[in-house]
Structures are given as C-alpha cells and as structure tokens.
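# An overview of the molecular structure
Next come the chains, spelled out residue by residue.
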Amino acid sequence: MRNDVKVIAINGSPRKNWNTAMLLERAVAGAQSAGAQVETIDLYDLNFKGCSSCFACKRIDGAYTGRCVMRDDLSGILERLAVSQVLLLASPIYISDVTACVRALLERLVFSNIAYRKTDRSNFKGKLSIGCIYTMGLTEEFMEK
C-alpha cells in the first residue's frame, strides 16, 4: 500500500477494547505497516442518526446531490469517506445483524449515493474498497452446529 492511500477504520462496537476493536486494531496495524494513512473512528462516541429519507441527496443538480444533507457528528466522516480509498468496517453481530450505529452509518453512506437514473445508478465519484470485520460471542463448537 502506498502512503497516499487513505483508510478510514470504523469501530461499530460499543465496547472500545473488546474483540471487535482488537481485530480492527490488527487490520489498522497492517494497513499502517504497508504505508497507508489511517484514521480510526469509534461510532459510539458520535452523536448522529440514520437516514431521514428527506431525499435532498436525490435532487438532480441539487446542492446536496449524492451527499447527505443532515448535519451532525457523521457529516465530516461521510465527506472524508468520499475521498478515501479504503473503509475498514468492524461490528459485532447483534440479533443477526450489525449494530444499530453501523446500520445508521450505512444508511447515510449508501442511500445518498444511489441515483434514480436509468443509466449510471450511482452518484459516488470515487472508488472505495471495503473490508468488513464481524465478531460474535460464541464458541467454535456452537458455530459448527
């Protein structure tokens, strides 16, 4: 990895020092050892909500086309993701899904970039590679069952 590669690593666990965070730290260390610039974010430190379905991001040639209009602690992160090359997303699995914070982040990141056009269905201008780390608190024996 080159040192101009921007990586945003997001911990979607409410537990900052447990399994999910530890695995994300290992991935971050690997990216840094390859020369990447890494920013690590704990979602549970932020004050934000999921998509409100206001559709401002969908207006053709609007001021917010392809960007979320909501202003909160997630706004700057979404802007930095638009110019990053890699997203490392880590979450424990709660009730068969990622945490509520991760789900809210994905709503805001993905929905704002979906375009309702017959061609070119995305407003996202960059290229974002995504690595996902999921953790579950169960034994290997139970997993095999």
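Here we summarise the structure given alongside this text. (Residues numbered from 1 in each chain as written. Predicted model: local features only at pLDDT ≥ 70, side-chain atom pairs only at ≥ 80, totals over all residues. Heavy atoms only, no water.)

### A short note on the packing of aromatic side chains
For clarity, the threshold we go by: Geometry of aromatic contacts follows a simple scheme: Phe, Tyr and Trp rings, the Trp one being its six-membered ring, pair when their centres are within 6.5 Å, and the pair is stacked under 30 degrees between planes, edge-to-face over 60, tilted otherwise. What counts as a helix is a DSSP run of H or I of at least four residues, what counts as a strand is a run of E of at least two, and both are numbered from the N terminus. Relative accessible area decides the class of each residue, using a 1.4 Å probe on protein chains only: under 20% of the type maximum gives buried, over 50% gives exposed, and in between gives partly exposed. When the NZ atom of lysine or the CZ atom of arginine is within 6 Å of a ring's centre and also within 35 degrees of its normal, the charge is said to sit over that ring.
By the definition in use, this model includes one aromatic pair. Measuring from ring centre to ring centre gives 5.5 Å for Phe-55 and Phe-111, while their planes differ by 85 degrees; the resulting arrangement is edge-to-face. On the criterion of sequence distance, the pair formed by Phe-55 in the loop between β2 (37–42) and α2 (75–82) and Phe-111 in helix α3 (residues 100–111) is long-range, its members being 56 residues apart. A relative accessible area of 35% means that Phe-55 is categorised as partly exposed. Taking NZ or CZ as reference, Arg-15 lies 4.3 Å from the ring centre of Trp-18, over its face.

### A few points about the nonpolar core
Nonpolar side chains tend to gather and get buried jointly when the protein is soluble and globular. The condition is simple: We call a set of buried Ala, Val, Leu, Ile, Met, Phe, Trp, Tyr and Cys residues a nonpolar core when their side-chain atoms join them within 4.5 Å. Contact definition: two residues touch when any of their heavy atoms are within 4.5 Å.
By size, the foremost hydrophobic cluster in this structure holds 20 residues, and its most contacted members are Ile-10, Leu-43, Leu-74, Leu-78, Leu-81, Leu-87 and Leu-105. Listed by contribution, the elements that provide at least two residues to this core are β1 (6–11), α2, β3 (86–92) and α3. Counting residues per element, this core draws most heavily on α3, at five residues. Residues within four places of Ile-10 in sequence aside, it is in contact with Leu-24, Ile-41, Leu-43, Ile-77, Leu-87, Leu-88, Leu-89, Ala-90 and Leu-105. With 11 residues, the next largest nonpolar core counts Val-5, Val-7, Leu-24 and Ala-90 among its residues.

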